[in-house]
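Commentary on secondary and tertiary structure
One-letter residues, chain by chain:
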Amino acid sequence: MTTPKAGLTHIDASGEAHMVDVGDKAETARSATATGYVRMKPETLALIREGNAKKGDVIGTARLAGIMAAKQTSNLIPLCHPLMLTKIAVDIEEDAALPGLRVTATAKLTGRTGVEMEALTAVSVACLTIYDMAKAADRMMEIGGITLLEKSGGKSGDFRHPGA
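Conventions and cut-offs
Each chain carries its own residue numbering, running from 1 in the direction its sequence is written. This being a predicted model, a pLDDT of at least 70 is required before a residue's local features are given, and a value of 80 or more before pairs of side-chain atoms are given or counted; all residues contribute to the totals for chains, interfaces and linings. Each side-chain value is derived from all of the structure's non-hydrogen atoms; neither hydrogens nor water enter the calculation. Secondary structure follows DSSP: runs of H or I at least 4 residues long count as helices, runs of E at least 2 residues long count as strands, and numbering of each begins at the N terminus. Only protein chains enter the accessibility calculation, which uses a 1.4 Å probe. A residue is then buried if its area is under 20% of the maximum for its type, exposed if over 50%, and partly exposed in between. We call two residues contacting when some pair of their heavy atoms lies within 4.5 Å. Where accessible areas are quoted, they stem from the Shrake-Rupley method and a 1.4 Å probe; at the residue level, only the protein chains shown are allowed to cover. By the counting rule applied here, Lys and Arg register as positive and Asp and Glu as negative, while His and the ends of each chain are not counted. In plain terms, the charge of a residue is placed at NZ if it is Lys, CZ if Arg, CG if Asp and CD if Glu. UniProt positions are given in the numbering used here, feature names are shortened, and annotations may be inferred rather than shown by experiment. Patch membership requires over 30% relative accessible area and the absence of a salt bridge. Like charges are linked within 9 Å, and nonpolar side chains (Val, Leu, Ile, Met, Phe, Trp, Tyr) within 5 Å. Whenever a carboxyl oxygen of Asp or Glu lies within 4 Å of a side-chain nitrogen of Lys or Arg, that contact is scored as a salt bridge. Note on pairing: DSSP must find at least two bridges between two strands before they are called paired. Lines fitted to the C-alpha atoms define the axes, with helices restricted to the stretch that makes contact. Angles between their N-to-C directions range from 0 to 180 degrees.

Thoughts on the overall build of the protein
Each helix and strand in the protein was counted, giving four helices and five strands. When its helices and strands are written in sequence order, the protein yields β-α-α-α-β-β-α-β-β. Taken over the C-alpha atoms alone, the protein extends approximately 55 × 30 × 30 Å along its principal axes. Expressed as a percentage of the 164 residues in the protein, the buried residues total 36%. Across the protein, contacts joining residues at least 24 apart in sequence account for 66% of those joining residues at least 6 apart. About 9300 Å² of surface is accessible on the protein, with carbon and sulfur atoms providing 56% of the total. For the protein, the distance from the average position of its 19 positive side-chain charges to the average position of its 19 negative side-chain charges is 1 Å.

Printed below as a string of structure tokens:
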């Protein structure tokens, strides 16, 4: 068995991608929170707020899409482990400073590997869903700022983004 290159757990010493063996790791409580945004015209934000988007409830649909995406992360990201999430929460709030919607997702479980990718996937898909549902009104929307805010648990310990 080859050992991973320093700092890259999914790349072995020969440079080949592989799935990390987490079988010997202890099960611990783990959580991760990520964020992102969809910047849009003020008129588009008003349309969403008032519930007048042609495709329906933008925020409710995006929240559900984010939750569903988190549960499918291992099917989307090749080297992610299938996880039994105990919680996934997706919050979508207006941010007048953008203007637009800010998405925050938190994933939790007790297990042998972290849930950072699940939180990031939830945010990404929720933002894409907002774009899809409102694109008829505003094709200039911008998706950005997708960032891991914090994570806890596991051998590497806790992390908090300096900008969080």
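Points about the UniProt feature "binding site: substrate" (unreviewed entry) in the protein
Those places that UniProt annotates as "binding site: substrate" (unreviewed entry) correspond, in this numbering, to Leu79, Cys80, His81, Met117 and Glu118. Their sequence span is 40 residues, while the largest C-alpha to C-alpha distance among them is just 12.5 Å; these annotated residues converge on one region. Looking at the secondary structure, you find Cys80 in the loop between α3 (73–76) and β2 (87–95). With respect to the helices and strands, the residue His81 is situated in the loop between α3 and β2.

Side note on a nonpolar patch on the surface
A cluster of nonpolar side chains, Leu76, Ile77 and Met117, forms an exposed patch at the surface whose accessible area comes to about 240 Å². By secondary structure assignment, the location of Ile77 is in the loop between α3 and β2. Looking at Ile77, the relative accessible area reads 31%, which means it is partly exposed.

Some thoughts on unusual backbone geometry
Omega for the peptide link from Leu98 to Pro99 comes to -15 degrees, which places this bond in the cis form. Mapped onto the elements of the fold, Pro99 is located in the loop between β2 and β3 (100–111).

Notes on the sheet that holds β2
Here we have five strands laid out as an open sheet, ordered β2-β3-β1-β4-β5, and antiparallel in their pairing. Every other strand in the sheet has two partners, leaving β2 and β5 (159–160) as the edge strands with one partner each. Pairing of strand β1 (residues 28–39) with β3 involves twelve bridges; the strand directions are antiparallel. Paired with Ser31 across the two strands is Lys108, which belongs to β3. Packing against the sheet, helix α2 (residues 58–71) makes contact with β2 and β3, and its axis sits at approximately 145 degrees to β2.

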